Amino acid sequence: MKTLIKNAVIVNSDETIKANILLEDEIISQITNEEKIADKTIDASGLFVVPGLIDMHTHFRDPGQEYKDDIISCSETAIAGGVTTAMCMANTTPINDNASITRQMIAKAKARGLIDLLPIGAISKGFNGDAIVEMGDMIEAGAVAFSDDGLPVSSSLVMRSALEYSAHFGSFVINHSEDCSLCRHGVMNEGKVAAKLGLKGMPKEQEEIMISRDLLLAKLTGGHIHVAHVSSAWSLKLIQMAKNEGINVTCEVTPHHFTFSEEELYDYNTAFKMSPPLRTNEDIISIKNGLKSGLIDVIATDHAPHSWDDKFIEFDKAPFGILGLQTLIPLTLKLVEEGVISMQKFVELTSTNAAKILRIKNKGKIAPNFLADITIIDPNLEYIYDENLNKSKSTNSPLFGKKLKGSAVKTIKNGKIVFDFPNVIE
């Protein structure tokens, strides 16, 4: 099967060119100025053609909480957001702390055939924090990293062991950076807004203290620590210091943390309740500067679906979490529009760097012999993100029902078109 994408503005992390792309079966075979004969032709005039997005932080809720979302619905949500590869966290029911569950998750995703699902195994058995999992067995089954996300690994000894063992297997650790002794049952950022609302706050230091510890343990062990959902300016200062010292650290931020501040919570909207919480406008500025400078390696969604019943309760009782897969592109394109990052940087942050971190050699770039995982983006498309477009079983996004700008209009996985935005291009 040959597919020609013509008149494409091809955006890679290192260059932008206008050319045609010929796909043969699962592979990109040619980048050419000639119009080749193909079984199917896609006219990408006026659109950006980028490598399939790689999301390093999602929650698919499968197994165990399929009423929120499952591997099938999240696969469909991912491709609607231009994501062709997704890493899913281990806080399922049962927890993904053994090879059997890892294999089941991958098999279910392969049966649907829309994305590559890369499970993240638990760090500790049962998330109990006192004994690490059988990392070798889980890596053999398909796990690509290890995290107790949703809970921190409080024991420094356990985290040291996790960093040492994961490094032995060529893998890495992702910690939920939170010093729980400082949480005090907080539900939002500690500060003036929390005081005005009468809600218990969580200080930024709860994140920064745990990041400091993990960076020191990475220095001690030589292991790779990936810092998830960085939300504070000081966290970024610590990561910059560690990188300057040669410590093996990478980090990610989420679109909601560079888009929204704690001030969104004045109406107690639980769709804005997340962990780590929305911080201050000063923190947003620091995150944007970190994206611009290259300090931040990856943009990841932390896609965390919750049912309407879960969220439609008192703010302090509602669970943390926000949808993210289908709003990744419009929120990140806003940074491009504002001049914070370029489209090439967009690709680096949403695809290329993730492929490098994961050591995937045939993803993250549009080039001959790379896998034909491709996202075609219309940066100017305006639409209402509502029940007609939402692919998730859940609706816990403050953007639900709002007008957005910019979307994937076609998503191609292994050379096959797996998503079409309704009535855009043929």
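Residues numbered from 1 in each chain as written. Predicted model: local features only at pLDDT ≥ 70, side-chain atom pairs only at ≥ 80, totals over all residues. Heavy atoms only, no water.

Concerning the overall build of the chain
Of the regular secondary structure elements, the chain holds 12 helices and 18 strands. At 21 Å, the chain has a C-alpha radius of gyration in line with the 22 Å of a compact globule built from 426 residues. Over its C-alpha atoms, taken along the principal directions, the chain stretches across nearly 65 × 50 × 40 Å. The burial tally for the chain puts 60% of its 426 residues in the buried class. Considering only contacts within the chain whose residues lie at least 6 apart along the sequence, 74% involve residues at least 24 apart. As displayed, the chain offers around 16600 Å² of accessible surface, 49% of which is attributable to carbon and sulfur atoms. (Helix = DSSP H or I, 4+ residues; strand = E, 2+ residues; numbered from the N terminus. Rg over C-alpha atoms; globule rule 2.2 N^0.38 Å. Buried < 20%, exposed > 50% of the residue type's maximum accessible area, 1.4 Å probe, protein only. Contact = heavy atoms within 4.5 Å. Areas by Shrake-Rupley, 256 points an atom, 1.4 Å probe, with all protein chains shown as cover.)

Some details on the state of the cysteines
This structure, assessed with the given rule, holds zero disulfides. Of all cysteine sulfurs in the structure, the one in Cys88 sits closest to Cys74, which takes part in no disulfide; the separation is 8.7 Å. (Disulfide = S-S within 2.5 Å.)

Things to note about helix H7 (residues 233-244)
With 12 residues, H7 ought to run about 16 Å at 1.5 Å a step, and its terminal C-alpha atoms sit 17 Å apart, in line with that. Among all positions of H7, only Ala233, Ser235, Leu236, Leu238, Ile239 and Ala242 are buried. Where H7 is buried, its residues contact helix H6 (205-221), strand S13 (225-227), strand S14 (249-253) and helix H9 (281-293). (Expected span 1.5 Å × (residues − 1).)

Some words on the UniProt feature "binding site: Zn(2+) 2" (unreviewed entry) in the chain
Per the UniProt record, "binding site: Zn(2+) 2" (unreviewed entry) is found at Asp149, His176 and His229. Sequence-wise these annotated residues cover 81 residues; spatially they are packed, their C-alpha atoms never more than 10.4 Å apart. With respect to the helices and strands, the residue Asp149 is situated in the loop between strand S9 (145-146) and helix H4 (156-168). If we ignore the near neighbours within four places in the chain, the residues touching Asp149 are His57, His59, Met89, Asn91, Phe127, His176, His229 and Asp302. Among the polar contacts listed, one links the side chain of Asp149 to the side chain of His59, at a separation of 3.1 Å. Relative to the elements of secondary structure, His176 occurs in the loop between strand S10 (173-175) and strand S11 (188-189). In this view, His176 contacts Asp149, Gly150, Leu151, Pro152, Met210, His229 and Ser275; residues no more than four positions away in its chain are not counted. Within the structure, the side chain of His176 is placed 3.2 Å from the side chain of Asp149, a separation counted as a polar contact. (UniProt positions renumbered as here; feature names shortened; annotations may be inferred. Polar contact = N/O pair within 3.5 Å; in protein donor to acceptor, adjacent residues only side chain to side chain.)

Concerning unusual backbone geometry
With the exception of glycine, most residues fall at negative phi, and the peptide bonds are largely trans. Here Asp62 and Pro63 are connected by a cis peptide whose omega angle stands at 15 degrees. Residue Pro276 is bonded to the preceding Ser275 through a cis peptide linkage, with omega at 0 degrees. As for its position among the elements, Pro276 is in the loop between helix H8 (255-259) and H9. At Asn7, a position not held by glycine, the phi torsion is positive, near 60 degrees. As for its placement among the helices and strands, Asn7 is situated in strand S1 (residues 2-11). In this structure, Asp25 is a non-glycine residue whose phi angle is positive, near 55 degrees. By the element assignment, Asp25 lies in the loop between strand S2 (16-24) and strand S3 (27-32).

A closer look at the packing of H6 against H7
At their nearest, the axes of H6 and H7 sit 9 Å apart, and the two run at 10 degrees to each other. Viewed along their axes, H6 and H7 adopt a mutual orientation that is roughly parallel. Between H6, through Glu207, Glu208, Ile211, Ser212 and Leu215, and H7, the contact on the second element is made entirely by Trp234, Ser235, Leu238, Ile239 and Ala242. Residue classes in the contact of H6 with H7 are distributed as six nonpolar, two polar and two charged. (Axes fitted to C-alpha atoms, helices over the stretch in contact; angles between N-to-C directions. Parallel < 35°, antiparallel > 145°, perpendicular 65-115°, else oblique. Nonpolar A, V, L, I, M, F, W, Y, C, P; charged D, E, K, R; others polar.)

Some points on the packing of aromatic side chains
This structure, assessed with the given rule, holds four aromatic pairs. Pairing Tyr383 with Phe421 gives two aromatic rings, centres 5.4 Å apart and planes at 65 degrees, and the pair type is edge-to-face. Here the residue Tyr383 occupies a position in strand S16 (residues 374-384), and Phe421 occupies one in the segment after strand S18 (416-420), the gap between them amounting to 38 residues. Of the residues examined, Phe421 reaches a relative accessible area of 10% and is grouped as buried. Residues Tyr385 and Phe400 carry aromatic rings whose centres are separated by 5.5 Å and whose planes lie at 75 degrees to one another, so their mutual orientation is edge-to-face. Here Tyr385 is found in the loop between S16 and strand S17 (403-413), whereas its partner Phe400 is found in the loop between S16 and S17, with 15 residues between them in sequence. The ring of Trp234 carries Lys237 above its face, with NZ or CZ at 4.7 Å from the centroid. Positioned above the aromatic ring of Phe320 is the side chain of Lys273, whose terminal nitrogen or guanidinium carbon lies 4.9 Å from the ring centre. (Phe/Tyr/Trp six-rings, centres within 6.5 Å; stacked < 30°, edge-to-face > 60°. Lys NZ or Arg CZ within 6 Å of the ring centre and 35° of its normal.)

Concerning the UniProt feature "binding site: substrate" (unreviewed entry) in the chain
Mapped onto this structure's residue numbering, the UniProt feature "binding site: substrate" (unreviewed entry) falls at His59, Phe60, Arg61, Asn91, His306, Phe320 and Gly321. Mapped onto the elements, Asn91 comes out in the loop between strand S7 (83-88) and helix H2 (99-112). At 2.9 Å, the side chain of Asn91 forms a polar contact with the side chain of His59. Locating Gly321 in the fold gives a position in the loop between helix H10 (308-311) and helix H11 (328-338). Overall, Gly321 belongs to the buried group, its relative accessible area being 8%. When sequence neighbours within four positions are dropped, the list of residues in contact with Gly321 reads Ala271, Lys273, Met274, Ala304, His306, Lys311 and Asn396.

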